[in-house]
Each structure stands twice: as C-alpha cells, then as structure tokens.
Amino acid sequence: TGPGRPRHTTTVAIMSAPPPPPPTAQPSAGLPAQQQHAGGASAQQQQQQQQPQTNDSLFAKDLRLMMYGFGDSKHPLDATVSLVEDIVVEYITDLVHRAAHLARKRGARMSREDVMHVLRRDPRKYGRA
C-alpha cells in the first residue's frame, strides 16, 4: 500500500458449522418397503412414540388442571402453560431464597416459620400457608 492508495480491511467472520441432522430410521433388512409400513404407523411416527415427551415439564399437568379450574380452556396452549410455570417457579424460588436468608440471619435451618415470616404481609397467602 502506497501513500496515495486507501487502505482496505477485510473482516472475516468465523462461524461454527450447523449441527448434523438427526439420524433417520433405517428400513429393516430383508423386508420389502410395503411390509415395513403395513403395520399402521410409519417409521417416523413409531420413532416419535418411542421418544419421551419433552414439552411437558414437572408441573405442566397440574398447572393445566389448575388453569382449567380457574376458567381457562380445558386444553390451554403449551406456551401459556410454560409461561405460567416459569412465573410459578420463579416465585417459589424467590420465596425460598428469602426464607433461607432469614434462617441464615438467625443461624438456624430454614423452617416453616421463615416462610410464614416472608408471607406475613399478604393475608391471602399467609392464610393458605
């Protein structure tokens, strides 16, 4: 590069390769394709049935029933259940952390009284606990 020529810079972005596609089900050896799928469900459907459901979490079933009991649809959207679960888990985690903090200040293990102390300003929650 000389004094009269503009300096050009090149930016190179380094990206990782996308993950490989999931393995596909291989047909059974020795059986014609018509006999492999004659049993009703396709290989993809059978594979989906064998895999555990991952979209429902620990509280999803109970939350669906509670949401229905409080006036929601009998079959609420998965995204709605997930959002409600996130809110509930965040609330319970915060409540337990505050109760544990009180117990540490006392120099004791966390107890029911610590949780009750955290809830003392909310009469509805305090009454249910």
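As the structure is a computational prediction, the values presented were derived from the model and not from experiment.

Q: Account for the overall build of the protein, with residues named and values stated.
A: From N to C terminus, the protein includes 6 helices and 0 strands. Starting at the N terminus and ending at the C terminus, the protein contains elements arranged as α-α-α-α-α-α. Sorting the 129 residues of the protein into buried and exposed places 11% on the buried side. When contacts within the protein are restricted to residue pairs at least 6 apart in sequence, long-range pairs at least 24 apart make up 19% of them. Summed over all atoms, the accessible surface of the protein reaches about 11,600 Å², with 57% contributed by carbon and sulfur.

Q: Residues and numbers for helix H3 (residues 60–69), please.
A: Within the sequence span of H3, burial applies to Ala60, Leu63, Arg64 and Met67. Looking straight down H3, one finds its buried side chains confined to an arc of 105°; they lie on one side. Relative to its buried face, H3 has exposed residues pointing more than 90 degrees away, namely Lys61, Leu65 and Gly69. Elements that come into contact with the buried residues of H3 comprise helix H4 (78–106). Immediately downstream of H3, the backbone of Gly71 shows phi near 105°, a positive value.

Q: Describe the pattern of salt bridges, with residues and values.
A: Any two side chains of opposite charge can pair if their charged atoms end up close together. In this structure the tally under the stated criterion is 4 salt bridges. Put simply, Arg98 and Asp94 hold a salt bridge, and the shortest N to O gap is 3.2 Å. Within this pair, Arg98 and its partner Asp94 are both found in helix H4, separated by 4 residues, close to a single helical turn. Judged by its relative accessible area of 37%, Arg98 is partly exposed. When the shortest N-O distance is used, the salt bridge between Asp114 and Arg106 registers 2.8 Å.

Q: An account of the confidence of the model for the protein is needed here, citing residue identities and associated values.
A: For the protein, mean pLDDT is 75; residues scoring 70 or higher make up 57% of the total. Contacts from residues 8–17, a stretch scored under 50 in pLDDT, to residues over four places away or in other chains number 0 contacts. In this model, residues 30–38 is a region of pLDDT below 50 whose contacts with residues beyond four sequence positions or in other chains number 5 contacts.

Q: Please set out H4 residue by residue, giving values where relevant.
A: In an α-helix, one turn spans 3.6 residues, which is why side chains three or four residues apart end up on the same side. End to end, H4 covers 42 Å across 29 residues, agreeing with the expected 42 Å (1.5 Å per residue, within 8%). Close packing links the buried residues of H4 with H3 and helix H5 (112–119). Where H4 ends, the next residue or the one after it, Gly107, has phi of about 80°, a positive value.

Definitions and limits used
Residues numbered from 1 in each chain as written. Predicted model: local features only at pLDDT ≥ 70, side-chain atom pairs only at ≥ 80, totals over all residues. Heavy atoms only, no water. Helix = DSSP H or I, 4+ residues; strand = E, 2+ residues; numbered from the N terminus. Buried < 20%, exposed > 50% of the residue type's maximum accessible area, 1.4 Å probe, protein only. Contact = heavy atoms within 4.5 Å. Areas by Shrake-Rupley, 256 points an atom, 1.4 Å probe, with all protein chains shown as cover. Arc of directions from axis to C-beta. Salt bridge = Lys/Arg side-chain N within 4 Å of Asp/Glu carboxyl O. pLDDT = per-residue confidence, 0-100. Expected span 1.5 Å × (residues − 1).

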